[in-house]
Amino acid sequence: SLSAAMGALLPKPLVSPRNGVSNAGEYEDIKKVVDGGEHLEHFHSYQKAGAAGEETIEFHTDQGLFIAFTPGLIVSSNPSLDVELSDGFYVQGSDGEKILMQFTGDDDLVFMMGDGVNQFINDKLTDGKKALQATPHALTVPALEDVSKARVWYGRMVLPPMDAFIPSMGSTFGETRQVLVDSSPTGDMPLGVGCSSPNMKAFIDTSRNLDGEEEEPKCPDDELFCWFRCMALADHGIQTPTTCAERNLGLQCANPRLQVIPDGLKHGDYWPQCTNNTHITHPYTNYPEIPQPDEDICAGEWEEFSAKGDYDHMITVTVPEETAREGAIIVDTKLYWSIIESDDGMKKIKGRVAYSGPFGWLAVGFASPDGKHNGMNGGNIIMAKPGGNYSPVTGLDLGVEPSTGTYKIDENGSSHRHWSTPIDTEETRTTVSDYEVHNDGCFTALTFESDHINGQKFNVEGIDDMIWAGNGLDHFVGHHGRGGRARFTVDWKSGEMTYLTPEVKVEPIDIAVATADGDVHNDANGEYDDGHADGDGAGNANDEEVDAAENDGFVKKCVVGLFTSLVGATMMQYL
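Draft legend 1. Spotlight on the sheet that holds strand β18 (residues 347-355). Reading across from one edge, β16-β17-β18-β25-β24 is the order of the five strands in this open sheet, with antiparallel pairing throughout. Across the chains shown, the open sheet's two edge strands, defined by having one partner strand only, are β16 (313-316) and β24 (432-437). If you compare each strand with its neighbour and ignore which way they point, the axes differ by 15 degrees on average. By the bridge criterion, four bridges tie β16 to strand β17 (residues 333-341) in an arrangement that is antiparallel. Bridging across to β17, H313 finds its partner in W337.

Structure representation (structure tokens):
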């Protein structure tokens with residue numbers, strides 16, 4: 001096998017997850033990487049009108065480790081017509097020669113390497129002569145005058161594990177892939193045979209729709225390609241395309257720390273800014289991490305720290321493994337409460353959230369029913385922070401005493417810089433809250449007692465829609481990660497709870513055959529989903545919707561129309 005043949009030339013483990021934490025452990029060799037990766041089945045249907053001989057999909061390289069596929073076929077909804085073998089599939093050799101592949105159609109099964117071999121295998125080989133070649137390929141679909149005919153194709157792509165860390169990109173494969181799907185400036189990605197992306201380094205030139213129209217991610221003059229999308233300059237205080245130059249400054253895609261991403265291809269809290277910083281003088285760096293406590297010391301302490309105590313109810317609100325993204329660092333978290341009554345007869349919730357991680361920040365509160373990011377934006381919350389004087393450039397000042405307070409998350413901007421000032425009114429002061437930190441820094445807890453959060457009353461006789469989130473990795477009020485948050489409903493009287501996951505909306509596409517796409521949010525109002533695991537999104541952004549929509553969105557863009565072509569007599573263009 002390939003794994004055995006190349007094993008002596010590769011380090012072990014071959015691939016590691018971010019921070020060395022994984023649901024599946026480290027991936028020792030190629031076989032383990034393949035076994036731990038996602039396998040996507042693709043069904044494509046192509047129909048093209050117009051002149052024959054034009055490239056339908058130009059030369060590009062797919063983003064997976066490899067793809068196995070059967071040769072394309074020309075099929076018809078007319079049962080009297082025979083199935084034909086399709087030609088027009090080209091590969092490019094290492095010498096640049098373009099070769100038309102000849103398939104027999106009997107029992108051919110083709111294996112083709114993708115760009116994943118460059119990201120996870122070739123740069124680790126001790127013998128560069130043994131490097132695997134990601135295969136550039138192109139497709140020319142013949143013009144089909146018979147409207148009952150289409151070219152259909154089936155393949156199975158093997159992607160790297162979602163938690164496999166790519167050092168050159170500073171993110172995991174799953175994070176990078178989701179950003180490409182979620183953040184295309186055109187709303188759709190020009191996909192290759194196996195759903196390659198123009199934002200991946202291996203994508204060669206551009207791709208085309210079947211009508212030959214170019215799809216190039218070019219922004220208008222008054223916008224800048226930043227955070228994988230075109231951002232309007234005026235939305236970020238830059239009135240004209242020449243504003244920066246008139247101030248003798250450059251126009252850059254930068255984060256709050258004025259670290260520059262030259263091509264806009266990084267996820268996080270980035271926006272157009274006037275600065276003479278460059279990606280060479282001010283490259284991206286990770287936030288300084290909180291020193292993590294000794295696991296040996298913490299291991300036996302959680303049971304005591306998370307004990308129910310005098311509270312009447314206790315539920316586990318840890319994000320379920322089946323809804324967390326693969327490779328997410330899942331943090332055990334519990335919610336405790338009692339319904340108490342004040343001297344004037346007012347019923348209150350006396351509660352506690354225990355979080356099995358260090359004190360970066362911890363929050364709990366009401367979900368906003370129509371809020372973005374699974375109810376986060378617009379939510380009223382109680383939050384504990386280990387310092388004060390927050391700045392998105394320097395983080396929290398740990399010389400300031402830790403604090404708890406009431407906050408309302410901005411309805412559009414997710415990063416903490418948009419809502420870092422606590423709400424201070426006579427009403428909010430009636431919410432009593434505090435924090436606890438384990439003696440060895442292992443765990444954190446947030447306590448509260450009130451009948452409301454920012455005037456929003458607890459439904460002590462019924463059910464409330466709640467959210468919680470926490471971060472124990474940095475002091476920049478950074479992103480909670482996919483295992484450090486959850487949305488749930490709780491019946492305060494009975495103690496019953498239910499996890500809420502984002503609804504995946506299925507929308508028809510306005511073409512001959514209705515297909516589907518996940519409802520992944522893409523802001524158009526100047527505030528972007530500015531938070532992610534790269535650290536510069538200092539809020540709770542961009543997880544909840546894409547978690548559930550990832551497969552329904554990404555796969556359905558690729559899996560289109562084969563069965564319809566075979567039995568429905570309806571044809572569609574390749575997405």
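Draft legend 2. Expanded view of a negative patch on the surface. A cluster of acidic side chains, namely D294, E295, D296 and D440, defines a negative patch on the protein surface. Checked against the element boundaries, D296 lands in helix α6 (residues 295-298).

Draft legend 3. Examining the sheet that holds strand β8 (residues 137-139) more closely. Taken in spatial order, the four strands make up an open sheet running β2-β8-β5-β6, and their pairing is antiparallel. Single-partner strands in this sheet number two, and they are β2 (57-60) and β6 (98-100). Taken pair by pair, the neighbouring strands of this sheet meet at an average axis angle of 20 degrees, ignoring direction. As judged from the three bridges shared by strand β5 (residues 89-92) and β8, these two strands associate in the antiparallel manner. Note that in β8 the partner of V91 across the bridge is H137.

Draft legend 4. Representation of a nonpolar patch on the surface. Taken together, the side chains of L73, V83 and L85 present a nonpolar region at the surface, about 230 Å² in accessible area. Relative to the elements of secondary structure, V83 occurs in the loop between β3 (66-76) and β4 (84-85).

Draft legend 5. Spatial organisation of the state of the cysteines. Counted according to the given criterion, the structure contains four disulfides. Between the sulfur atoms of C226 and its disulfide partner C253 the distance amounts to 2.0 Å. With the S-S bond torsion at 75 degrees, the cross-link from C226 to C253 turns out right-handed. Here the residue C226 occupies a position in strand β12 (residues 223-226), and C253 occupies one in strand β14 (residues 251-254), the gap between them amounting to 27 residues. In this model C298 forms its disulfide with C442; the gap between the sulfur atoms is 1.9 Å. The disulfide joining C298 to C442 has a torsion of about -80 degrees about its S-S bond and is therefore left-handed. Here the residue C298 occupies a position in helix α6, and C442 occupies one in the loop between β24 and β25 (444-450), the gap between them amounting to 144 residues. Side by side, C298 and C442 carry an identical accessibility label, which is buried.

Definitions and limits used
Residues numbered from 1 in each chain as written. Predicted model: local features only at pLDDT ≥ 70, side-chain atom pairs only at ≥ 80, totals over all residues. Heavy atoms only, no water. Pairing = 2+ DSSP bridges. Helix = DSSP H or I, 4+ residues; strand = E, 2+ residues; numbered from the N terminus. Axes fitted to C-alpha atoms, helices over the stretch in contact; angles between N-to-C directions. Patch = residues over 30% accessible without salt bridge, like charges linked within 9 Å, V, L, I, M, F, W, Y side chains within 5 Å. Areas by Shrake-Rupley, 256 points an atom, 1.4 Å probe, with all protein chains shown as cover. Salt bridge = Lys/Arg side-chain N within 4 Å of Asp/Glu carboxyl O. Lys, Arg positive; Asp, Glu negative; His and termini not counted. Charge placed at Lys NZ, Arg CZ, Asp CG, Glu CD. Disulfide = S-S within 2.5 Å. Buried < 20%, exposed > 50% of the residue type's maximum accessible area, 1.4 Å probe, protein only.

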